[in-house]
Amino acid sequence: MSEQHLKRRPSTPAPTDEQERQQQRRLLRLSVGVGQRQDQDDVAAGVVPPVTVVLDGRCICHRIHLSRHTGYRSLAGALRRLFVDTDDVGTDDDGQNRGLDLSNAVPGHVVAYEDLEDDLLLAGDLNWNDFVRVVKRIRIIPAKSSNRRKH
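Residues numbered from 1 in each chain as written. Predicted model: local features only at pLDDT ≥ 70, side-chain atom pairs only at ≥ 80, totals over all residues. Heavy atoms only, no water.

## Here we look at the environment of Asp125
Part 1 of the argument: Structurally, Asp125 is set in the loop between β4 (120–122) and α5 (128–134).
Part 2 of the argument: Considered as a pair, Asp125 and Ala112 are 13 residues apart in the sequence and their alpha carbons are 9.9 Å apart. (Helix = DSSP H or I, 4+ residues; strand = E, 2+ residues; numbered from the N terminus.)

This is the structure:
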């Protein structure tokens, strides 16, 4: 055998229970950092893949990057530009669309989304960061007319 294998490490005393507890506390503090939720949101926003946007009745889908939008109003503006020929909603001084939201982004349609569990939900019910985290597909569905015939 070589001399390297014959050398032994100096023995270290076994840690006491108190030292083990302190080490565990240090590790827990490192794993649960202050502001970690915000850091996770920032990291998640950077790696959010584009989402498919489907307008029911059309065979061509679009892809949209939610990380490039600041909220539902911004998304509504993008949906309007994709699916509506004329933009009859004016803009204010900041370039934001006045009065534009998901309820009137595509006239005669409702904006819904499929989440990671394939449930179909109404867009706008969650806060923006949670929506970006769980949305898998955006579906634009024709709104049902409220006038029904009585038989």
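## Describing the nonpolar core
Part 1 of the argument: Counting 25 residues, the largest nonpolar core has Ile64, Leu66, Leu75, Leu79, Leu102, Phe131 and Ile138 as the members making the most contacts within it.
Part 2 of the argument: Secondary-structure elements contributing two or more residues to this core are β1 (51–55), α4 (72–83), β3 (109–115), α5 and β5 (135–142).
Part 3 of the argument: When neighbours within four sequence positions are excluded, Leu102 is seen to be in contact with Tyr72, Leu75, Ala76, Leu79, Val111, Ala123 and Gly124. (Core = buried A, V, L, I, M, F, W, Y, C linked by side-chain atoms within 4.5 Å. Buried < 20%, exposed > 50% of the residue type's maximum accessible area, 1.4 Å probe, protein only. Contact = heavy atoms within 4.5 Å.)

## A closer look at the pattern of salt bridges
Part 1 of the argument: According to the stated counting rule, one finds 5 salt bridges in the structure shown.
Part 2 of the argument: Salt-bridge contacts for Asp56 lead to Arg139; the nearest nitrogen and oxygen are separated by 3.3 Å. With Asp56 in the loop between β1 and β2 (62–64) and Arg139 in strand β5, this pair connects stretches of sequence that are 83 residues apart.
Part 3 of the argument: Given a relative accessible area of 26%, Asp56 falls into the partly exposed group.
Part 4 of the argument: When the shortest N-O distance is used, the salt bridge between Arg133 and Asp130 registers 2.7 Å. In this pair, Arg133 and Asp130 both sit in helix α5, 3 residues apart, roughly one turn of the helix. (Salt bridge = Lys/Arg side-chain N within 4 Å of Asp/Glu carboxyl O.)

## Examining the state of the cysteines
Part 1 of the argument: The tally for this structure, following the rule as stated, stands at 0 disulfides.
Part 2 of the argument: No disulfide involves Cys59; its sulfur sits 8.4 Å from that of Cys61, the nearest cysteine. (Disulfide = S-S within 2.5 Å.)

## Structural notes on the confidence of the model for the protein chain
Part 1 of the argument: When pLDDT is averaged across the protein chain, the result is 77; 62% of the residues are at 70 or more.
Part 2 of the argument: Low pLDDT, under 50, characterises residues 30–36; the stretch is placed with 1 contact to residues that sit more than four places away or in other chains. (pLDDT = per-residue confidence, 0-100.)

## Examining α4
Part 1 of the argument: Over its 12 residues, α4 extends 16 Å from the first C-alpha to the last, a length consistent with the 16 Å expected when each residue adds 1.5 Å.
Part 2 of the argument: All of the buried residues in α4 are Tyr72, Leu75, Ala76, Gly77, Ala78, Leu79, Arg80 and Phe83.
Part 3 of the argument: Against the buried residues of α4 lie β1, β2, β3, α5 and β5. (Expected span 1.5 Å × (residues − 1).)

## Digging into unusual backbone geometry
Part 1 of the argument: One non-glycine residue, Asp118, adopts positive backbone phi at about 65 degrees.
Part 2 of the argument: Within the fold, Asp118 resides in the loop between β3 and β4.

## Considering the pairing of β5
Part 1 of the argument: In terms of strand pairing, β1 meets β5 through 4 bridges, oriented parallel. Within β5, the position partnered with Val54 by the bridge is Arg139.
Part 2 of the argument: As defined by bridge partners, β3 adjoins β5 across 7 bridges and the pair is classed as antiparallel. Across the sheet, Ala112 pairs through a bridge with Arg139, a residue of β5. (Pairing = 2+ DSSP bridges.)

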